[in-house]
Each structure stands twice: as C-alpha cells, then as structure tokens.
There are 2 protein chains.
Amino acid sequence: MGWEEIAADKKQRIEKSIPVEWRVDVAALCPNDSFMDLPAKSGLLSPDELAITDSSAVDLVAKLASGQLKSVDVTLAFCKRAALAHQAVNCALEFFPELALAQAKELDDYYQKHKAPVGPLHGLPISLKDQLRVKGLETSMGYVAWLGKYAKEDSVLTALLRKAGAVFYVKTSVPQSLMVCETVNNVIGRTLNPRNKNWSCGGSSGGEGAIVAFRGGVIGVGTDIGGSIRVPSAFNFLYGIRPSHGRMPYAKMVNSMEGQETVHSVVGPLAHSVDDLKLFVTSVLKQEPWEYDSKVIPLPWRQGEEDIVKSKLQSGGGGLTLGFYNCDGNVLPHPPILRGVETVVSTLKDNGHTIVPWQPYKHDFAVNLIGKIYAGDGGQDIFSVLRESGEPAIPNIQDLVDPSLPRLDMNEIWELQRQKWAYQCEYLEQWRLREAELGREIDAFIAPMTATAAIRHNQFRYYGYASAINLLDWTSVVVPVTFADKAVDKKQTDFKPLTEIDGVVQAEYDPEAYHGAPVAVQIVGKRLTEEKTLAIAKEIGRLLGNEVTP
Amino acid sequence: MGWEEIAADKKQRIEKSIPVEWRVDVAALCPNDSFMDLPAKSGLLSPDELAITDSSAVDLVAKLASGQLKSVDVTLAFCKRAALAHQAVNCALEFFPELALAQAKELDDYYQKHKAPVGPLHGLPISLKDQLRVKGLETSMGYVAWLGKYAKEDSVLTALLRKAGAVFYVKTSVPQSLMVCETVNNVIGRTLNPRNKNWSCGGSSGGEGAIVAFRGGVIGVGTDIGGSIRVPSAFNFLYGIRPSHGRMPYAKMVNSMEGQETVHSVVGPLAHSVDDLKLFVTSVLKQEPWEYDSKVIPLPWRQGEEDIVKSKLQSGGGGLTLGFYNCDGNVLPHPPILRGVETVVSTLKDNGHTIVPWQPYKHDFAVNLIGKIYAGDGGQDIFSVLRESGEPAIPNIQDLVDPSLPRLDMNEIWELQRQKWAYQCEYLEQWRLREAELGREIDAFIAPMTATAAIRHNQFRYYGYASAINLLDWTSVVVPVTFADKAVDKKQTDFKPLTEIDGVVQAEYDPEAYHGAPVAVQIVGKRLTEEKTLAIAKEIGRLLGNEVTP
C-alpha cells in the first residue's frame, strides 16, 4: 500500500469509530465559521450531558468522588461531545468510546463496592495528545510510517493518570513532526479552531486545544518544546502550563528527535481554569512519578509555595510584583496582543499590584540558539520517518526545523549547551539585578504568548515568544485575556520592522480577519515554580474575570 | 617557551609560595613509605595548631562562631599543614597563604565588630579542586596550555562558599583531563597517597583526597563524573558524597568537555565524617544556589528526609532495609574489598537491620554505555588542549577516554541518551519489583566503591563500580570501612575471570603491596536523596566505629 492508502485507511477508521447515531450534518448545523454552537444545536447531548461537559474538572471529580455523578455518564457525555468536535474540527487521531465506557464502568463498580474513589481523578475523562501511549492503541503522531503499531504498554503518564482514576477516550491530532505551531499532517489533514474554521487551533498540541475549547474534553494533555502547549492554549482561550523539565513524567511517550536532551520537551495540561490545571498537576504528583521516570525530580506539590502568593494577596494593597514586556525586541506583536498585555498590566495596577517594565535579555540570541538546537541533526530524525512511508513533509516544517542547517557533531553541540547554560545563568543575574534595583522580589513576569491572536492557517512564523522560555526552562502559565476587536485593534501606523520576520508578521495583520480571535499572555516564573506561577496566573485570571473561582 | 619550561616555571612558583620557614626535609623526617606522622614530627605546628587541624569542621565552625577560635589561627594552622602536605605528596596546583590570612583577618574583624559570624562556614578554610575559579588566580586543571590565565571572577560555588564564610588557601591537583582515577599531570607530576607513597591518592579529585587525609584540609571540594570524588575518598579513608546532578552549583567552573550534558559531572565534598559533609551541603544550600546556577534545583535541605531515617533508627530493632552486592558482574573486587562489604553487611545485620541481596541490573551495559559517552567526541576536546601547548597525553587517559572510538553525530548521541533514560527507568522498576517482593521499602544499597583498596600507581583500570552510578545519577556516599590486611586477605583461589578486564584487575592483587590500604564501600540511594543517604551512611560509619558522633 502507498502512503496515501494507509493514511486514507486510518482516516476512515477514525470516522468509523464514531457511532452512526452520533454523526451529524455539521455543514447544515453550522453554516458559518464557528462551531461553538454545535453541541447545543446538534441535539445529541441531553441537557444533563451539556451541563456535565460545561463543568469544571474540579466540580466533576468532587461529584464523582461523592457519588453524585457516575463515571459512565460523564464519560458518555464527553465521548458524544468529542465525536461532535472531531466532525467539526477534525481533531482526533484515535477515538475509542467503547474502551472508555468499559473503563468508566469498572470505576463505577469499584466505587459501588468501596464507597470511595480510586484516586484524585476518579472517573474523569482526560484527552491525550497522540504522543502518549495507551496500551493496545496506535500512536502515530501523525506520521504515516507509524500507523499500524500498537502500544504494548502505557506511557508512564498514562499509567499514572489511570492509577489516579482518569478515563481515556480520545487521542488528538498533532502536526507532522510536532515541530510546528499549527496542526496539520498527511493522515487526517488539518485541525481547525472551533471558534472559526479559518483560524489555526495552534500546535503542536492543537488537537488538545481544539477539543478542550469545544468542551469535548475538560483537561487535555499536551507537550511543549517551543510553545506546543502554550500556543494552542492561547489560540483557544484556555489556560495551559508549561512546567519546567523534570516536574511531570515524559517517559515512554513517543516523540520526535527522541533522546534529544539539549532542550527538553515537557508535558502538561490545558484547561479552562487554573484550578483544573492544578488538579491535574497535584493528581500526577500524588502518584510519585519520580519512582517511574528517572527524569522527574522528587518534588511533591509544595503547598507552601502557593501559600506565599496567597498571603501576599491577602496582605492588602495588591501584593504582587511583576515585570512585563510587550515586545521581545525581535517581533512586535499585533495590536490585539499589545492591547492584551496592556489590559493585564492596567488591571493589575488598578488592583494595587506593582508592575514594572522588564527588559527581555538577549531574546534574539536565545531564539537563534534554540533554533540551532531544533535543527541540530539537520532534520535527519524527521526526514528518515518521512522516507519510511514516502509521505511528503508538510510545508511549515522548515519554519522551525531548517533542514538546510548543518548537522552538528559532539563538540558543536557541547558548545551550544555551554552557551545555553551561560545564558540561563546570565538571565538569573539580570533578574537579581532588577530586584536589587527595585529593592523587592519580582514574583514573575508578564509577556506576550505569541505575536498574534489566533492566526489564520499557514501564517504561523515566529516562535520566539514561546521558545526563549523553553531555552530558559522557566515555568510558564498561559492566561486568556480577551478577543481581537476590529473596532479598537487598528493596524499599526508608522511601523518600522525590527527584523525581517517582524515585517512579515506585522504585514499579515488584518483587523477584519482577526476579529474575535482569542488573545492571551503568559506568566513566566523561574525554573520549577509551578505552584507559585499557577497561583499568580489564577489571580490574574480572577481579576480579568476569566477564572471561575469557587 | 616550550611546554616543559612553562610547566617547570609553574612548579617552581608553587614551591616558592611556601614560606621558607615552613619548608622541611621530608625525606629525613619520613624515611619510610608513609607521611602521616610528618605534621607531628616536623615541629612546624604548635600543639594547638595540631589540635585545630585534627578537629572536625563541625567543631571548628562552632568555635569560630562562638569566638573561641579566630579564623586567622585556624587558617594559619591549615596553611602550615597544607604546606607540609604539598612537600610530602605534591598535591597543590595553587597555594596562597597570604591571601587566605588576609581573608581570615577580614572575617575576624567582621566578627569583632558584629559579634556574629558572616555565615555557617565563618572562618573555616576549605580546599578546592583546581576546577573551581578563585578570582585572580590560575585554574590550569593540570593543563600546560591553561597556565597564565587568571580568573576574572569566582565560580558560583566559590562565591557562595565565600558568602558562607569559607576561607580559601589552596587549590589541589588533578590528572590531566580529569578523566582518570589517579592524579598525574605534566605540570607538577604525580600526587601520592599520604599513607603510602607507593599508592595512588585516587583521582580525579586526588589532590583533595590526599590533602584532607593528611589533614592539610578539613573539607575538600571535588567533582565526579566517573568516580572522581568517590575514588579519592575511598583510597584515603574519607567520607565523600557524589550528590545527584542539580543539587550543588557547578556554574563557572573549569571543566573538560565543557557543555557535555549527557552525563553531568557533579561537585561535592570529601571529609572525615558525614557530619562535615552535611555541614558543607547545608551551608551551600542556605545560599540558594539555584538563584545563581540555572542547573541547580530549588531544593533546600529537607530535614524531614533525614528525620525519616532517624525515626527508623529509633524505632528499635535496626530499622533500615538495605540491599548489597559485592560483585557487579563485570569485575570481582579484590579480597580486601569483598571483606569490606562483608564487614558492613554483618555489622548491620548484627545491629538488627535488614540486609538483602541486590542484583546489579545490567551493569555491563551501563559501563559500556557511559564509556561511549565519555569518548563521544573521540577525545577532540582533550587533545585539542594538549595540542595548544604541545604537552603529551598522560598514559592513563585512554583507559577512560578511548580516542580510537568514533566521534558521534547528533543522532548517535540522541540514541545513547535514549538508551540512558530507558536504562534508568528500568533500574527504577527493578527497585520497585524488589520492594514488592520483600513487601518493604529498600532505603539504599551497599556496593563496592572500587574493585581494589588504594591501588599502586598506574594500575587503576576499572571504573565500573563508580561509573554505573554516574549513569544512573543516583546519590552515593562513600563510607570508609577498614584496611587491607595481608594476614586475612589472601589471593583468590579458583578465580575464573568474568571478563578480560576482570582477569587483569585480579592478577594485580598482591596482599603484601596492599597491606594497610584503605577499604571503602559506597551507599547508593536514588536520585536526589542526599539527606537520606547521608543519614544512612552516618549510621553505618557509627556502627563501624568510623564516624565520630557528637
């Protein structure tokens, strides 16, 4: 079979995995660009099922743990809504409602018998990026060559989520190679943004961004080596965390450039609230992932770190000190993003917090350095997988992995690693100097997540807002802020490009095309500050009115 | 100048750094093989100075902090004894008593004024391996090419120790390249073992091992990528800790193969007691090294982890569960080491602890894999430094870095890194399986530190007992046990070599030559278990009678 047939067969198998009675006429129901009304319009979900899928994960696990909800009902509701999601935005690479319902049934039986949940995620459906192995299922990662290979065991994270009580029902699409911030591959094609089919859902965890935005999932699991959790979060008005390397278990996942350790890809959740992100992180940490994955640091959830932020907030008069920048010196964000940063800054100031300018330190150097690392093998790893099946490369690959760059030898990669470490230490020094200047601790900084609001397809060019943070391995939490508005977000006047790519990015801005597109910022803390950075993100979300706090 | 002249000039400069009145006729005072009596015989140190240098670091900092001792007196005592050490065993690459006394004077003045110490190491002299930069001094690391370069700033660890109140007075010798477990270079030649000039002091932190054994230093700072802290500890009857990567700051130190991150070299102390090791580790952690070195994990000293061990010990009936092995499956240790392991096992059993056999998991694979990593650049890094000056390679280099192995490209190193991670995770699984079998937690395991007691020069061949632990990045603490004894440690009868190197190592055993040589074991805990593993090592040392406990 040629690669086209193998891909077509897989596409068909995914379509067939949706029960006939769950299939709908999307074009008829959603004649315009948005699919957000589809769940309500379709009539497929009962009012209870709509309510369940509109709930937070925190609420759902509480009700599952108290017996108010059955996992089978919750799982069925999310399976139905995920089926709609796939029909609308083409987001699934694996869909397995029968297995999910069987797993849910087992959990309900357990609850019936023991009158207690198996773990902190008892009965909660969680969607997985198609890098996580689920025993018995394929993990193609969008590569034709990897179809037909069925996992003999779970990834460590899958196994620990399972132990915590999570139910699996869908694995979502990614761009070929993962090294792209849009989601398109030769197996199922492109995944769309549920808010507007002309917009990208982001990438590489784009399937997760799309399905969670559509509430076909409540918590999604993504990975991030250059923005791949955070860009889909930003483009889908979601919260998302890029934990520092070593906090969450990545072992036994499928990956591009496996074994590459110069800049680690990390795994983390996307969700509708910081509380749901925290639920995920704490539930995984309770399973002691460091006993299973040697790269995980034995660092349980440090409630004390979260409490430091809480007590600052309770001290009155704001209490947080945050830096901010709206331009990294390489690429000026589009007007909606500049307004997003300004909104966050002014909201925080209005609430008494201390917000100070933050000078991005040599981000041009950082973005350039990480680019060399991504392309360290001259794309050998990626292109060898493509050769196996004969499928072509998707067009965007060379934006992040430029195959014309030379393959590095050991001494060259050591030199890059030396430069990386020196840069990280220099940036820590900048942080200390800034604090000394101010005479107070800077808790985190606010930065654009991307140069643009949710972008039109094939337009994503500049990874630097995300990737500089990957090079630093700092903790970053995406906070959704607002939506692009053609009435206020006018084109820049007297714009002078800082760099060539700056000109390309800015030229693409069109107030009409972006109207309504999600706008986000990222809150960046130092390495391994997940507790603190989440707590700050929660407060910002609360002040913006975008975080529901019980 | 040719390399010989540059080296000779440096050697002379070191000799000149010893005040004339501190020079002694070593050959006359120590006509036999040992130099351990030299301090007493020399008459250079007063009884008070002998007492000071025979003290523990814990005692000294307590007396310095209470004003009972002055740093100038303590520093002078250690400078004198270090001067004797260098004359006897040739251990210093930098010796700077004037700077040290000036620093001590400043600390005394500070104390005088504030009636309080500057930090937890106030006034304590600490010796440094010649990888740590001290502002204004050379850091040649035994390379001729690196002589004449004077540090513009301290290494991070130097700066933090300085902040904690430590005084610097000597930087000690290393083998050319560091990648050897003996200590010889073309600048000053060979460093000897103070117990017997025919024995190696170990390496690469061999200068530290020698000077601390001689009590020319109370705490030494070494580094370890394949045994370089632990082998000198073992060969000099010292305690030493190889912390896991990310616990202690390595930034801005000089190194071989700088930027190599596949297996990280780590930095840690050598001392006469676990309490002194702990003093060092806690003092550094109090300076928050993660604010200065991006590779350090923000993990303060976790007293709770130490207390878990303490409460097990207080629970009666022993309380610890430890695995042990006396052979890694590659090379059978010499009889003194087998007896050392047996001594530890029987002592622990006699005290009610649960000691179970531990199956080394694929150590042949581990040792082979780490060997490929060490030689990943085909020795390019090392040989390019040698070419700069024209100095020849020392003979032992190819034992650890085989330049005939090919230089790896990116995809090959990624594959090795993938294998490393998989191996680490598999070993964690073995640990869990063994615990499941036993129905209880295994706290750590006991293993030989080396295949031999302190070895004769040019005989160190097998790095596997150390390097397998480096590949795992597990915490390891060396505990001195006993001394080789020709009366009991007879040659193996019916010995059949497991491997070619096993035959070579065993053939070298000679009860007469090894008589009196230090014998040690290592206590190995999982990654980042410094608190717990130190506490276990302390108990073992106490039971053996080799740890003085206040």
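Residues numbered from 1 in each chain as written. Chains lettered and ligands numbered in written order. Predicted model: local features only at pLDDT ≥ 70, side-chain atom pairs only at ≥ 80, totals over all residues. Heavy atoms only, no water.

### A look at the layout of surface pockets
Each pocket or cavity is described by its volume, and for the largest pocket that value is around 1,200 Å³. Together, 50 residues line the largest pocket, and Pro298, Leu299 and Arg302 of chain A together with Pro298 and Leu299 of chain B are the ones closest to its centre. Counting residues per element, the ones that place at least two in the lining of the largest pocket are α12 (303–314) and α17 (410–438) of chain A together with α12 (303–314), α17 (410–438) and α21 (530–544) of chain B. Partitioning the lining of the largest pocket into residue classes produces 23 nonpolar, six polar and 21 charged. (1 Å grid on protein atoms, 1.4 Å probe; cavity = no way out; pocket = protein on both sides within 12 Å on 5 of 7 lines; lining within 4 Å. Points joined across faces, edges and corners; volume = space filled by probe spheres on them. Helix = DSSP H or I, 4+ residues; strand = E, 2+ residues; numbered from the N terminus. Nonpolar A, V, L, I, M, F, W, Y, C, P; charged D, E, K, R; others polar.)

### Considerations on the packing of helix α14 (residues 363–374) of chain B against α17 of chain B
Residue and element names in this part refer to chain B. Axis separation between α14 and α17 bottoms out at 11 Å; the angle between their running directions is 150°. The angle between α14 and α17 places the two elements in the roughly antiparallel class. Judged by the twist between their axes, the crossing of α14 over α17 is left-handed. Between α14, through His363, Phe365, Ala366, Leu369, Lys372 and Ile373, and α17, the contact on the second element is made entirely by Leu416, Gln419, Lys420, Tyr423 and Tyr427. Looking at the contact of α14 with α17 residue by residue, the class counts come to seven nonpolar, two polar and two charged. (Axes fitted to C-alpha atoms, helices over the stretch in contact; angles between N-to-C directions. Parallel < 35°, antiparallel > 145°, perpendicular 65-115°, else oblique. Left-handed = near helix turned anticlockwise from the far one by under 90°. Contact = heavy atoms within 4.5 Å.)

### Overview of the domain arrangement of chain A
All names here are of chain A. If you check the domain split of chain A, you get domain 1 (3–288) and domain 2 (303–544). A separation of 25 Å is found between the C-alpha centroids of domain 1 and domain 2. Taken residue by residue, the interface counts 56 residues in domain 1 and 69 residues in domain 2. Between domain 1 and domain 2, the buried area comes to about 5,100 Å², and carbon and sulfur atoms account for 61% of it. At the surface where domain 1 touches domain 2, the tally comes to five salt bridges. Between Arg247 and Glu530 there is a salt bridge; the shortest N-O distance is 2.8 Å. Here domain 1 is connected to domain 2 by 38 residue pairs in polar contact (both at pLDDT 80 or more). (Domains from an automatic or database assignment. Buried area = accessible area lost by both parts, 1.4 Å probe. Salt bridge = Lys/Arg side-chain N within 4 Å of Asp/Glu carboxyl O. Polar contact = N/O pair within 3.5 Å; in protein donor to acceptor, adjacent residues only side chain to side chain.)

### As for the sheet that holds strand β15 (residues 518–525) of chain B
Residues and elements named next belong to chain B. What the 11 strands build is an open sheet, ordered β1-β3-β2-β8-β10-β9-β14-β15-β13-β11-β12; its pairing is mixed. The strands lining the two open edges of the sheet, one partner per strand, are β1 (92–95) and β12 (354–357). Ignoring strand direction, the axes of neighbouring strands in this sheet form an average angle of 25°. In this sheet, strand β10 (residues 266–271) lies alongside strand β8 (residues 219–224) in antiparallel orientation, the contact comprising six bridges. (Pairing = 2+ DSSP bridges.)

### Observations regarding helix α5 (residues 57–66) of chain B
All names here are of chain B. Listing the buried residues of α5 in full gives Ala57, Leu60, Val61 and Leu64. End-on view of α5: buried residues confined to an arc of 95°, all on one side of the axis. Just beyond α5, the residue with positive phi is Gly67, at close to 85°. (Buried < 20%, exposed > 50% of the residue type's maximum accessible area, 1.4 Å probe, protein only. Arc of directions from axis to C-beta.)

### What about unusual backbone geometry?
Residues apart from glycine generally show negative phi values, whereas peptide bonds are mostly found in trans. The step from Gly203 of chain A to Ser204 of chain A runs through a cis peptide bond, and the omega angle for that step is 5°. Residue position: Ser204 of chain A is located in the loop between β7 (196–200) and α9 (206–213). The phi dihedral of Asn90 of chain B is positive, around 65°, even though this residue is not glycine. As for its placement among the helices and strands, Asn90 of chain B is situated in the loop between α6 (71–89) and β1.

### Some points on empty space enclosed by the protein
This model, assessed by the stated rule, comprises seven cavities of 30 Å³ or more. Estimates place the volume of the largest cavity at around 670 Å³. As for the largest cavity, its lining consists of 33 residues, and the residues nearest its centre are His245 and His264 of chain A together with His245, His264 and Arg527 of chain B. Those elements giving two or more residues to the lining of the largest cavity turn out to be α17 and α18 (464–472) of chain A together with α17 and α18 (464–472) of chain B. The leading source of residues in the lining of the largest cavity is α18 of chain B, at three residues. A breakdown of the residues in the lining of the largest cavity according to their chemical character gives seven nonpolar, 14 polar and 12 charged.

### A look at the environment of Gly304 of chain B
Residues and elements named next belong to chain B. Mapped onto the elements of the fold, Gly304 is located in helix α12. The partly exposed category is assigned to Gly304, whose relative accessible area is 44%. For the pair Gly304 and Gly390, spaced 86 residues apart in sequence, the C-alpha to C-alpha distance is 53 Å.

### Some words on the nonpolar core
Of all hydrophobic cores here, the largest spans 146 residues; its most connected members are Phe445, Leu471 and Trp474 of chain A together with Phe445, Leu471 and Trp474 of chain B. Setting aside chain neighbours within four positions, we find Leu471 of chain B in contact with Val263, Ala366, Leu369, Ile370, Ile373, Lys420, Tyr423 and Gln424 of chain B. Core analysis: the next-biggest nonpolar cluster, separate from the first, contains 111 residues, Cys91, Leu279, Ile446 and Val477 of chain A among them. (Core = buried A, V, L, I, M, F, W, Y, C linked by side-chain atoms within 4.5 Å.)

### Some thoughts on the relation of the copies chain A and chain B
For the pair chain A and chain B, the relating rotation is 180°, the translation along its axis is 0.0 Å, and the fit reaches an RMSD of 0.0 Å. Such values leave the two copies arranged in the relation of a two-fold axis. Using C-alpha coordinates, one finds that chain A approaches the rotation axis most closely at Asp409 of chain A, a distance of 2.3 Å. In this assembly, 100% of the residues forming the interface of chain A have copies in chain B that are likewise at the interface, indicating an isologous arrangement. (Least-squares fit on C-alpha atoms with pLDDT ≥ 70 in both.)

### Comments concerning the interface of chain A and chain B
Listed per partner, the contact involves 40 residues of chain A and 40 residues of chain B. Summed over both partners, the interface of chain A with chain B buries about 3,900 Å², with 57% contributed by carbon and sulfur atoms. Sorting the residues of chain A by area buried against chain B places Met410, Trp414 and Trp421 of chain A first, and these three jointly supply 19% of that buried surface. Here chain A and chain B share six salt bridges between them. Linking chain A with chain B are 25 residue pairs in polar contact (both at pLDDT 80 or more). Class assignment of the residues belonging to the side of chain A that touches chain B gives a composition of 17 nonpolar, eight polar and 15 charged.

### Details of helix α15 (residues 380–389) of chain A
Residues and elements named next belong to chain A. Those residues of α15 not exposed but buried are Asp381, Ile382, Val385, Leu386 and Ser389. Along the long axis of α15, the arc covered by the buried residues comes to 135°, so they all point the same way. At the C-terminal side of α15, Gly390 shows a positive phi close to 90°.

### Notes on the sheet that holds strand β2 (residues 125–129) of chain A
Residues and elements named next belong to chain A. Strand order in the open sheet formed by 11 strands is β1-β3-β2-β8-β10-β9-β14-β15-β13-β11-β12, with mixed pairing between adjacent strands. Both outer strands of the open sheet, β1 (92–95) and β12 (354–357), are each paired with one neighbouring strand and no more. Ignoring which end each strand starts from, the neighbouring axes of this sheet average 25° apart. Pairing geometry for β2 and strand β3 (residues 167–172), over four bridges, is parallel. Its bridge partner lying in β3, Pro125 is registered against Val167. Docked against the sheet, α17 engages β11 (321–324), β12, β13 (444–448) and β15 (518–525), running at close to 120° with respect to β12.

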